[in-house]
Amino acid sequence: MATTDRQATTLALAHALSAAERGLAVIPLSRTKLPALRSPHRAGPAPDPPSCHGECGRFGHGVHDASTDPARVRELFAAAPWATGYGIACGLPPHHLVGVDLDTKSETDSSAALRELALRHLFTIPPTVVVLTPSGGRHLWLTGPPGAVVPNSAGRLAPGIDIRGAGGYLVGPGSRTRHGVYTTAPGTSHLPPAPCPPALLRLLLPPPRSDRAPHGTPDTHDGRGLVHFVLAAHEGQRNTRLFWAACRAYENGIGPALLVPLLDAARATGLTEREARTTIASAARMTGHRP
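A brief look at the structure comes next. Counting of residues starts from 1 at the beginning of each chain's written sequence and follows it residue by residue. The predicted nature of this model means local features are confined to residues of pLDDT at least 70 and side-chain atom pairs, given and counted, to a pLDDT of 80 or more, with totals for whole chains, interfaces and linings taken over all residues. The side-chain values count all of the structure's non-hydrogen atoms but skip hydrogen atoms and water molecules.

As a further point, take the packing of helix α5 (residues 223-231) against helix α6 (residues 238-251). To get an axis, fit a line to the C-alpha atoms, keeping to the stretch in contact for a helix; angles then go from 0 to 180 degrees between the N-to-C directions. Strands here mean DSSP runs of E at least two residues long; helices mean DSSP runs of H or I at least four residues long; both are numbered from the N terminus. In contact at an axis separation of 9 Å, α5 and α6 are set at 170° when each is read in the N-to-C sense. It follows from the interaxial angle that α5 and α6 lie roughly antiparallel. Residues Leu-226, Phe-229 and Val-230 of α5 form the contact with α6, whose participating residues are Arg-241, Leu-242, Trp-244, Ala-245, Arg-248 and Ala-249. Its residues placed into classes, the contact of α5 with α6 shows seven nonpolar, no polar and two charged. Roughly parallel refers to an angle under 35 degrees, roughly antiparallel to one over 145, roughly perpendicular to one between 65 and 115, and oblique to any angle outside these ranges. By definition in these notes, contact holds between two residues if any of their heavy atoms fall within 4.5 Å. Three classes are used: nonpolar for Ala, Val, Leu, Ile, Met, Phe, Trp, Tyr, Cys and Pro, charged for Asp, Glu, Lys and Arg, and polar for all others, with Gly counted as polar.

Turning to the sheet that holds strand β8 (residues 169-171), a few remarks are in order. By definition, two strands form a pair when at least two bridges between them are found by DSSP. As summarised here, the arrangement of the three strands in space is β1-β2-β8, forming an open sheet in which the pairing is antiparallel. The open sheet has two edge strands with one neighbour each: β1 (26-29) and β8. Strand-to-strand twist across the sheet, computed as the mean angle between neighbouring axes with direction ignored, equals 35°. Taken together, the four bridges between β1 and strand β2 (residues 85-89) define a ladder with antiparallel strand orientation.

In this section: the packing of aromatic side chains. Only Phe, Tyr and Trp rings take part, Trp by its six-membered ring, and two of them pair if their centres are within 6.5 Å. Stacked means planes under 30 degrees apart, edge-to-face means over 60, and tilted covers everything else. Per the stated rule, a full pass over the model turns up one aromatic pair. Summarising the aromatic geometry, the rings of Phe-229 and Trp-244 are spaced 5.0 Å apart at their centres and angled 50° between planes, so their arrangement reads as tilted. Of this pair, Phe-229 sits in helix α5 while Trp-244 sits in helix α6; the two residues are 15 residues apart in sequence, bridging distant segments of the chain. Classification of Trp-244 by relative accessible area gives buried; the value is 16%. By definition here, charges over rings are those cases where NZ of Lys or CZ of Arg is within 6 Å of the ring centre and within 35 degrees of the ring normal. Looking at Arg-241, its charged tip hangs above the ring of Phe-229, at a distance of 4.2 Å from the centre. Here the guanidinium or amino end of Arg-248 rests over the ring plane of Trp-244, the centre of that ring lying 5.0 Å away. A simple rule labels every residue: compare its accessible area, found with a 1.4 Å probe on the protein chains alone, to the largest value its type can have, and call it buried under 20%, exposed over 50%, or partly exposed in between.

Further remarks concern the packing of α5 against helix α7 (residues 255-269). The geometry of α5 relative to α7 is characterised by a closest axis approach of 8 Å and an angle of 20° between their N-to-C directions. Judged by the angle between their axes, α5 and α7 are roughly parallel. For the crossing formed where α5 meets α7, the hand is right-handed. Touching Gly-223, Leu-226, Val-227, Val-230 and Leu-231 of α5 are Leu-258, Pro-261, Leu-262, Ala-265, Ala-266, Ala-268 and Thr-269, all from α7. A clockwise turn of the near helix away from the far one marks a right-handed crossing, whereas an anticlockwise turn of less than a right angle marks a left-handed crossing.

Looking now at the layout of surface pockets. Over the atoms a probe the size of a water molecule is rolled, and this reveals where empty space is left. In this analysis a 1.4 Å probe is tested at points of a 1 Å grid over the protein atoms alone, and where it fits but cannot get out there is a cavity; an open set with protein on both sides within 12 Å along at least five of seven lines is a pocket; lining residues have an atom within 4 Å of a point. Grid points are joined across faces, edges and corners, and a volume is the space filled by probe spheres set on the points. A volume near 450 Å³ is recorded for the second largest pocket. Lys-33, Asp-101, His-139, Arg-164 and Tyr-182 are the residues nearest the centre of the second largest pocket, which is lined by 22 residues in total. At the level of secondary structure, the elements contributing two or more residues to the lining of the second largest pocket comprise β3 (97-102), β5 (138-143), β7 (161-164) and β8. Ranked by residues supplied to the lining of the second largest pocket, first place goes to β8 with three residues. Grouping the amino acids of the lining of the second largest pocket by side-chain chemistry returns six nonpolar, nine polar and seven charged.

In structure tokens, the structure reads:
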């Protein structure tokens, strides 16, 4: 192994042990940001979903290997001497970490989208740990209440905003990847993860089972409600609302049928047809459908 790789592994282990001291469960990551240890069951038949979450006693179960025990953390890194980073498991006690990933790869401004959500739903993000990514994005660390299982999502809250919850992990500061080093934003390294604002938490949790949609939220099974949601968009919200509505439409199996009504609604708010089609196509891909 090259000297630089050994140094990166040593630094990653040191940062991981420091995080573990703060009660954050960690695993070693490779330069690709994926878990460094491969599954011990990869040669056998692949059950769907995987049936072993570490009960076999071997390493290689991704976030299920995560630990705050220094001895176990050292064992994990000893088994993965090529690791150059570490992941922090979300959703585990005592912090029940929730990560808000503000991406820079989408066509929209994720920071502006979060500000818009905060204004619309009347919450503010308290001072908390902020991790800067090599691509220019940001990870905001928040904590959830015990018993609240926040699911992972990509773009569901708004374009460019991914959520890391139960079963997910965040790349820890000090990790080195193919694209650079993750660092803590100045003035935030000493902060504890702040509690997730209740209004934001309600947006992150799965909606309660009900035949009626919550007040102020469109019925996502009703195409008319989604179209009206887009029509009500103000300037600065148009792409965000269209993307959200298109995601819900494809998730509920009415995406193709709602394509033309959503396009008409988007054009009525001032978007061009090309902009609207691009946004709807992104929503289709995000939800695993063909546009």
